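So you can see what is in the structure, the chains are spelled out below.
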Amino acid sequence: SVTTSSFVVFGNPDLDPEFNTSYELGASYGAERWSLQATLFQNDVEDLIQSYCAADCDALRVLNYENVEEARIPGVEVAASFAPLPQLAMDLNYTFLNAKDLTADQPLAEKPKHAINLTLKWSPTDKLNAQLRGNHYGKQTMYSSEVRYGLPDYTLWGADLNYQLTSHIKLHLSGDNLTDENLAE
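These numbers come from a predicted model, not from an experiment.

The rules we used
Residues numbered from 1 in each chain as written. Predicted model: local features only at pLDDT ≥ 70, side-chain atom pairs only at ≥ 80, totals over all residues. Heavy atoms only, no water. Core = buried A, V, L, I, M, F, W, Y, C linked by side-chain atoms within 4.5 Å. Buried < 20%, exposed > 50% of the residue type's maximum accessible area, 1.4 Å probe, protein only. Helix = DSSP H or I, 4+ residues; strand = E, 2+ residues; numbered from the N terminus. Contact = heavy atoms within 4.5 Å. Salt bridge = Lys/Arg side-chain N within 4 Å of Asp/Glu carboxyl O.

Regarding the nonpolar core
Among the nonpolar cores identified, the biggest contains nine residues, and these are F41, V45, L48, V68, A71, I73, L97, A99 and L108. Listed by contribution, the elements that provide at least two residues to this core are β4 (34–55) and β5 (61–85). Setting aside residues up to four positions removed in sequence, A71 forms contacts with N43, D44, V45, L48, K100, L102 and L108.

Here it is as structure tokens:
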């Protein structure tokens, strides 16, 4: 088992391996300081490995894994990059999913319909760079045995600071969940 501050995960020796067939169609365009990408995709998965809450779902959750006999995960991803200055850049992407357990005719767990990611990058010198990361996840479904419940949407912010001290030593400072979002609530 694996334990973290908010959940415990137990393995399942009865799991079958996943088998995934992927289809993807994408296009991209880039110019000197900006680029755009769009991708349509679909994953047809047999024996998808999915977690579910087995016990104590309101506090220290006990998670287990199970196979989903047949799942389909179609979606679209749109991304843009923009660098108004050589030292400043922004990456933004949006993903839409319609992830479904085809066997039970219900949404897949922990697969939000909407997700948005933003990264702002600043490189004032060749040795120093920093970035601010924002990740927004839309409402999701979670399962506790056979009971289905919704998880609210949430946003996580993080930041990184890097300094190349020598050609062999790089200092890295990173912070995640800077706004102290409590996902257990």
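Comments concerning the pattern of salt bridges
Summed over all chains, the structure comprises five salt bridges. A salt bridge links K121 to D91; the nearest nitrogen and oxygen atoms lie 2.7 Å apart. With K121 in strand β9 (residues 114–122) and D91 in strand β6 (residues 88–97), the pair connects residues that are 30 residues apart, well separated along the chain. Take K121: its relative accessible area is 33%, and that puts it in the partly exposed class. On the accessibility criterion, D91 (25% relative accessible area) is partly exposed. Note that R133 is salt-bridged to D176, the shortest N-O span being 3.0 Å. With R133 in strand β10 (residues 128–137) and D176 in the segment after β14 (170–175), this residue pair connects regions lying 43 residues apart in the sequence. R133 sits in the buried class, given a relative accessible area of 18%. Judged by relative accessible area, D176 falls into the exposed class, the value being 55%.

None of this, on its own, says anything about what the molecule does.
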